[in-house]
Amino acid sequence: MENLSSVTCRHRYSSLFLHQPQRRYFTNHSSACCSLDIKHASFESTPISKSLEPSSSSWDFHPLKELNGCTNLVSVKATHARTMKFLNRFELEFIAKCLITRYLEFGEFGYASSVFFMGFPRIQVSWRDLLEEMEHYGVEKYKVLEEFVQLQNKGVKFDGVVLAMVLRICAVLMYRLLGFTIHGGLIKRGLECSDTRVVSALMGFYGRCVSLDFANKVFDEMPKRDDLVWNEIVMVNLRSGNWEMAVRFFREMQFSGPKAYDSTMVKLLQVCSNKEGFEEGRQIHGFVLRLGFDSNVSICNSLIIMYSRNGKLESSREVFNSMKERNLSSWNSVVSSSTKFGYVDDAMGLLDEMETCGLKPDIVTWNSLLSGYASKGLSRNAIGILKRLQIAGLKPNTSSISSLLQAVAEPGLLKLGKAIHGYVIRNQLWYDVYVKTTLVDMYIKTDCLPYARIVFDMMDGKNIVGWNSLISGHSYAGLLKDAEALMSGMEKEGIKPDAVTWNSLVFGYATWGKTEKALAVIGKMKENGVMPNVLSWTAILSGCSKNGNFRNALKVFIKMQKEGVSPNAATISCLLRILGCLSLLQSGKEVHSFCLRNNLICDAYVATALVDMYAKSADLQSATEVFYGIKNKPLASWNCMIMGYAMFGRGEEGIAVFTAMLEAGMEPDAITFTSVLSVCKNSGLVREGWKYFDLMSSQYGVIPTIEHCTCMVDMLGRSGYLDEAWDFIQTMPLKPDATIWGAFLSSCKIHRDLELAEAAWKRLQVLEPHNPANYMMMINLYSNENRWEDVEHIRNSMRVHRVRIQALWSWIQIDHTVQVFYAEGKAHPDEGEIYFELYKLVSEMKKLGYVPDTSCMHQDVSESEKEKLLMGHTEKLAMTYGLIKQKGKAPIRVVKNTNICSDCHTVAKYMSVLRNREIVLQEGARVHHFRNGKCSCNDSW
DNA sequence: ATAGGGTTAG
């Protein structure tokens, strides 16, 4: 055995040197010998080349053909030997490549690497190609270096160009010591500046393994610089991430004359794709056009990607459209940029175009489309793409699976998610870290926390993304203690929480109403050197708004701005919701103008939130204007618009919007029907209400929710069909909850039906014993009948349940301040002035026939006392204040936190006549618009 | 050239 191996070993090298004058190649190294002039090196200096005179037999020999035909190692070796006799410099590169490939195929790394080292100095072969070839056969770069060292130890002397190549490998593998040794040898032999290939390799090595400054110094000291050296110094700077310096060298190069390589341009554009480099990138685009590089496909592809990464979809499309020649990469780039911007439909169009051009989409194309659908949550379309790629004979890879898992990550699709998990296992895709983390996240998002945990525990090398998925899942579910525990577990494993970890916690605390805790997490972030970003603040804003903590939310928003964090579309959407809930129209308008200035108006969420804000702030005109300005109206914007008409009780218009929406091809969802039924409810359109309630499930497949039922009960009850409402409650498919009975009770209150009211009250005492509104309605009902004992009984019951009387307030925004009028407690500083004006108004009103309506007063006091209390209603004060303070013609807008009484309604009508002013009075989800003594609700509410 | 975790309206 030993014998054999030693034979093989000897054989390995001897056969390679068989017909070659090895000494000449490797020892006798004058700089002339290793100069760039290959023709001389390979022909004149070798005796064999003398025999390369065309002979009849040599013309019949086709080394490449023969090599490719070899079926065993012996024949490869034989051909190798024959090849050396018939060296033809034009074919040498290919022969060398082919030889290496064939040797590698037979596992003969030694032969292959020797060809590799031997072939190079004399041919313009791309060393990178060959290294890739070797890598393809599993030969690692370090083995190439090992071979090199072995050859060197045997006394082989390499010329500068081979050494340059080895230096490049040293740079990639960070073999600093070997690199230094090689450099030392080069200096000793005076080869340091012998060849620009040596110089550029040195720059590359120093740039990567020592410092960029050192590489730049080598460049500065280099006496002669050709294209190669210039391109190299740009590349070295690019690789080190100093793109500014790279651009500077690139500019200098333009003035000095050398020509940029395509690859340099491509890399330069790639690096300039980052935000900071974008301006430079644009200028390089100018160079590209001037230098005629725009005919180069790869460069144009890089331009497409650069524009796409910087949010310039149109420019990227322009580059694409201007290309005369396109390859698969070009199409893939433009498809990916379309999907990235959310235009998956456009991308699908491109796919068709691509196929008509005769280009077959590859896995990358399909994956781009998959990810486009996945990020939009369009699981069906994503699965459609999966089918198409499979029909095309392709197999989904880890990237496809990641996107698919993202697409099915919603509670209803757990089965699909599990099926994909099965596919992962069957096809051994578990090794991929993206697959693992998206699996964890899929189980989190399908509310399958235990599964997520199991999958996560199975992961080896748990990464921060997996941890964060778990933490966010627990946070989201309100399991904040578990989330905190997971975070400390993660820290124990040596992984530092990042902004995402923290934001998940901020979001969890904020969503579950713990604003203080959420703010504390923000503080903790800062302590740990992680800066809270716009998402952290938006999370708190969203939490506050979900919990009705609107005024706190505004404080948070101001704090955020003080900390120098500027809002994005999501923040603004949240803020608009808050402003809408507070009916702060003035502030809402300011935010609207902010959106216009900052180009946020195109965002679908922002536009919808604006419609919603205007509707909630009772400015239907502005809501309509924004709504009709939206180009591709999302479903939610239609829903908001319909809801806006519902609030104003403008039934016909609301239904017209709904009809227009259907005509526009939109599919109504559950919320659409809540809005439509609200329209019917608030406009007394009982017949239409029934119609849409039936159509909802029969034609549109929307299953009625408790909200829809509440609308129906409210609609029937308010319109006086109390018995029908009662029957509806008895027969409805869902269990009636407190909102149902509350709506019913409120109808009983309007129609003074004590018997049915008591029936509702019986249930509400169980279902909702802490809601003061129910108690107030009962007090109202009993006091109307003068049943003061019962009133006292209810009041007692409130004490027992520790239910406080609802705080009542109204407010009005004048300029930038909000004036709040409370029913109890702090009096308004201008109270005297307000009452003076109010009584003046009342005396004028009385001349026109106004009689105070004290029916809403539930106190057992004298009539004159009742009237006095009546005049103190907060909405009256707020309206009067508006009439005094608000200049101009704009309507007076007052918001009240609870229902208004009939007397205030009447007073508002008189006010609108006497002061010739429109008044908009908002009570929760309903708006009264008073003009010339009439109200938009036609007195039915 | 494609893939993973945190925020947004009704």
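Residues numbered from 1 in each chain as written. Chains lettered and ligands numbered in written order. Predicted model: local features only at pLDDT ≥ 70, side-chain atom pairs only at ≥ 80, totals over all residues. Heavy atoms only, no water.

In the annotation of an unreviewed UniProt entry, chain A is listed under the name Pentatricopeptide repeat-containing protein At4g01030, mitochondrial and assigned to Camelina sativa. As stated in UniProt under Sequence similarities (unreviewed entry), the record for chain A gives "Belongs to the PPR family. PCMP-H subfamily." (UniProt positions renumbered as here; feature names shortened; annotations may be inferred.)

Turning our eyes to something else, we now look at the protein's contact with DNA strand B. By nearness alone, 54 residues border DNA strand B, and Asn367, Asn463, Asn468, Asn503 and Asn639 come closest of all. Protein-proximal atoms of DNA strand B, defined as those within 4 Å of the protein, fall in sugar or phosphate at a share of 44%. One of the side-chain nitrogen or oxygen atoms of Asn332 is found 2.9 Å away from a base nitrogen of DNA strand B. The side chain of Asn367 places a nitrogen or oxygen atom 2.4 Å from a base oxygen of DNA strand B. It is helix H28 (residues 433-445) that provides the largest number of residues to the surface near DNA strand B, a total of 6 residues. A per-class count over the surface near DNA strand B returns 18 nonpolar, 25 polar and 11 charged. (Near = heavy atom within 4 Å. Polar contact = N/O pair within 3.5 Å; in protein donor to acceptor, adjacent residues only side chain to side chain. Helix = DSSP H or I, 4+ residues; strand = E, 2+ residues; numbered from the N terminus. Nonpolar A, V, L, I, M, F, W, Y, C, P; charged D, E, K, R; others polar.)

For chain A, the assigned domains are domain 1 (11-194), domain 2 (704-806) and domain 3 (809-935). Look at where the C-alpha atoms of domain 2 and domain 3 centre, and you get two points 27 Å apart. Tallying the contact residues gives 9 residues for domain 2 and 7 residues for domain 3. When domain 2 packs against domain 3, close to 640 Å² is buried across both sides, 48% of that on carbon and sulfur atoms. The tally of links from domain 2 across to domain 3 stands at 0 salt bridges. Summed over the shared surface of domain 2 and domain 3, the result is 0 residue pairs in polar contact (both at pLDDT 80 or more). Secondary structure elements with two or more residues in the side of domain 2 that touches domain 3: helix H48 (772-784) and helix H49 (788-800). At 4 residues, the largest contribution of residues to the side of domain 2 that touches domain 3 is made by H48. In the side of domain 2 that touches domain 3, the residues fall into 2 nonpolar, 4 polar and 3 charged. (Domains from an automatic or database assignment. Contact = heavy atoms within 4.5 Å. Buried area = accessible area lost by both parts, 1.4 Å probe. Salt bridge = Lys/Arg side-chain N within 4 Å of Asp/Glu carboxyl O.)

Okay, the sheet that holds strand E1 (residues 809-814) next. One open sheet accounts for 6 strands, arranged E2-E1-E3-E4-E5-E6; its pairing is mixed. Strand pairing shows two members of the sheet lacking a second neighbour, strand E2 (817-822) and strand E6 (934-935), which therefore form its edges. With respect to the sheet, helix H52 (residues 874-885) is in contact with E1, E2, strand E3 (892-896) and strand E4 (919-923), its orientation differing from that of E1 by roughly 15 degrees. (Pairing = 2+ DSSP bridges. Axes fitted to C-alpha atoms, helices over the stretch in contact; angles between N-to-C directions.)

On to unusual backbone geometry. Its identity is not glycine, yet Asp447 carries a phi of approximately 60 degrees, on the positive side. Checked against the element boundaries, Asp447 lands in the loop between H28 and helix H29 (449-458). Residue Asp447 is classed as exposed on the basis of its relative accessible area, which comes to 59%. (Buried < 20%, exposed > 50% of the residue type's maximum accessible area, 1.4 Å probe, protein only.)

The next thing to look at is the pattern of salt bridges. Counted by the stated rule, this structure contains 24 salt bridges. Arg787 is paired through a salt bridge with Asp790; the nearest N and O atoms lie 2.7 Å apart. A relative accessible area of 33% means that Arg787 is categorised as partly exposed. The exposure class of Asp790 is partly exposed, given its relative accessible area of 24%. The partner of Glu837 in a salt bridge is Lys840, with the nearest N and O atoms 3.7 Å apart. With a gap of 3 residues between them, Glu837 and Lys840 both fall in helix H50 (residues 831-847), about one helical turn apart. Residue class for Lys840 comes out partly exposed when judged on its relative accessible area of 39%. Among the ionic contacts, a cluster of salt bridges with common partners joins Glu837, Lys840, Glu844 and Arg915.

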